[in-house]
Amino acid sequence: APDAWHIHNYILEPERDQLDLAEFQKRIVAFRAWMEDIGDEDLPLFLTEFGALYGLHDGHLGRPEEDPERVAGFVREAVAWLYATDHVQHFAWFATGTAGQFNGDLYDASGALTPVGQAYREAIRQEVN
């Protein structure tokens, strides 16, 4: 039997908004329901990756670049929801710094926080304090 479960939660379907908070929440709730169905409801769930992958520079897969402030808003809302529920016990945003390979980097190439990184730090601090 497992000691815990871990998942990644990205909205990658081209027809969906990758920053749809309701869809993000729905997928975690559905996974928790599945855990209950198999008798693992008491195990912790780790969300080892979530974020906004598509939409860099000239766009990934035909998607336009995401507005960093919109991504930052998603960060704030998602983190607040994760702390407000008991669905996920530990979580981590992806990515910390990919030199622009993916959307939503927390750090730029110089090591400074991006607007998304600032939002993530503030959201965590607000919930932990």
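Residues numbered from 1 in each chain as written. Predicted model: local features only at pLDDT ≥ 70, side-chain atom pairs only at ≥ 80, totals over all residues. Heavy atoms only, no water.

> Before we move on, could you go through the pairing of strand β2 (residues 45-50) and cite the residues and values that matter?
Pairing between strand β1 (residues 5-9) and β2: five bridges, direction parallel. Its bridge partner being in β2, Trp5 is matched across the sheet by Leu45. Each parallel crossover has a hand, and for β1 linked through helix α1 (residues 21-37) to β2 it is right-handed. Judged from the three bridges that link them, β2 and strand β3 (residues 90-93) form a sheet pairing that is parallel. Pairing of Phe50 across the sheet is with Trp93, part of β3. (Pairing = 2+ DSSP bridges. Helix = DSSP H or I, 4+ residues; strand = E, 2+ residues; numbered from the N terminus. Right-handed = clockwise from strand over helix to strand, strands pointing away.)

> For the pattern of salt bridges, give the residues involved together with the corresponding values.
Evaluation of the coordinates by the stated rule reveals six salt bridges. A salt bridge links Glu13 to Arg27; the nearest nitrogen and oxygen atoms lie 2.9 Å apart. A residue pair is termed long-range when its members are at least 10 positions apart, and Glu13 in the loop between β1 and α1 and Arg27 in helix α1 qualify at 14 residues. The class of Glu13 is partly exposed, set by a relative accessible area of 28%. Taken together, the shared-partner salt bridges connect Glu13, Arg16, Glu23, Lys26 and Arg27 into one network. (Salt bridge = Lys/Arg side-chain N within 4 Å of Asp/Glu carboxyl O. Buried < 20%, exposed > 50% of the residue type's maximum accessible area, 1.4 Å probe, protein only.)

> For the confidence of the model for the protein, give the residues involved together with the corresponding values.
Overall, the prediction assigns the protein a mean pLDDT of 90, with 92% of residues at 70 or greater. Across the protein, the secondary-structure element scoring lowest on mean pLDDT is helix α3 (residues 115-128), at 93, and the one scoring highest is α1, at 98. (pLDDT = per-residue confidence, 0-100.)

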